[in-house]
Amino acid sequence: MRIDVVSIFPEYLAPLELSLIGKARQDGLLELNVHDLRDFTTDRHRTVDDTPYGGGAGMVMKPEPWAQALAAVAAATPDSAEAGPAAAGSGPAKPVLIVPSPAGERFTQAAAQELAGEDRLVFACGRYEGIDERVMEWAAEHFTVRPMSLGDYVLNGGEVAVLAMVEAIGRLLPGVVGNPESLVEESHSDGLLEYPVYTKPSSWRDRDVPAVLLSGNHGKIAQWRRHEQYRRTAERRPDLLEEFDAAKLPRADRTAFADLGYDVVDGHLSRRADAGGDSA
Ligand code: 6GU
């Protein structure tokens, strides 16, 4: 995969040289290029922003530097591209242009999975009040444009969001995470939160590791962990249970959900009206 990031603060992306993602780049599993938007300005002051039409606070990013930067990036060829004549037909797919914004669609684990299957991703980091909207319309000729948000809060710019998204996507690329099994059993991969984990010593400051984990009974351990996932998800993220496919749950799991105040109705979890707790 090739990733390009355009930003007025390219230094902000330096952490992508570290740890798993840095190693993936060194190993040639991921080609990542960071570009300074100001390199695509033509005035002496390298201006990237201006006042908003219609008035209001703050500044808006000018369209022309973005068009120059994105056109240059779209025309670039990944190191991994096949040489010689392209295969008959459509040629390579348009790169996906991800525009980090609190006004975007939600970036989820499912989105990360989907984006990990792309050949080319481009991230356009906005600052100030955002990028002139016409850039998104123009860019649709060259890219599949996807404004994306990490969650319902406001960051000062897209750079920190890109660090998060590139890490979430990059670790799903083949070979990046050493043991691919660690990708299977983790929070959100099955629509539930992860179960709690423990390590030695088995007793620490008068607190014991749950006995079942020391039992050696792998069936019992798997069931305990699954039920802990249900308990945690019901407590912390009941919204996730609305999407959970409960149609094929074994009896013991239905009982576990019943104890948490949920019944299975038409293959979906339904919170009992008389259930306790403080959920709505
Ligand atoms: Cl992706 N960008 C910005 N600027 N703020 C955010 C965000 C993204 N996600 C949540 N807040």
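These lines cover the structure that appears in this document, whether it is placed above or below. It should be emphasised that the depicted structure is a prediction, and the values quoted were computed from it without experimental measurement.

On the surface, F9, Y12, Y153, L155 and V160 cluster together into a nonpolar patch covering about 430 Å² of accessible area. Tracing the chain through its elements places F9 in the loop between β1 (2-7) and α1 (19-26). Judged by relative accessible area, F9 falls into the partly exposed class, the value being 34%.

Before going further, it helps to examine the site of the ligand. Lining the immediate environment of the ligand, one finds P100, S101, P102, M148, S149, L150, G151, Y153, L155, G157 and A161. Take S101: an N or O atom from its main chain is 3.5 Å from a nitrogen atom of the ligand. A distance of 3.2 Å separates a nitrogen atom of the ligand from a polar backbone atom of L155. Considered on its own, the ligand offers 290 Å² of accessible surface; in the complex 97% of this is hidden by protein. For the shell around the ligand, the elements supplying multiple residues, two or more each, are β5 (96-106) and β7 (144-149). Sort the elements by how many residues they give to the shell around the ligand and β5 lands first, with three residues. The residue inventory of the shell around the ligand, partitioned by class, reads seven nonpolar, four polar and no charged.

The rules behind these values
- Residues numbered from 1 in each chain as written.
- Predicted model: local features only at pLDDT ≥ 70, side-chain atom pairs only at ≥ 80, totals over all residues.
- Heavy atoms only, no water.
- Patch = residues over 30% accessible without salt bridge, like charges linked within 9 Å, V, L, I, M, F, W, Y side chains within 5 Å.
- Areas by Shrake-Rupley, 256 points an atom, 1.4 Å probe, with all protein chains shown as cover.
- Salt bridge = Lys/Arg side-chain N within 4 Å of Asp/Glu carboxyl O.
- Helix = DSSP H or I, 4+ residues; strand = E, 2+ residues; numbered from the N terminus.
- Buried < 20%, exposed > 50% of the residue type's maximum accessible area, 1.4 Å probe, protein only.
- Near = heavy atom within 4 Å.
- Polar contact = N/O pair within 3.5 Å; in protein donor to acceptor, adjacent residues only side chain to side chain.
- Nonpolar A, V, L, I, M, F, W, Y, C, P; charged D, E, K, R; others polar.

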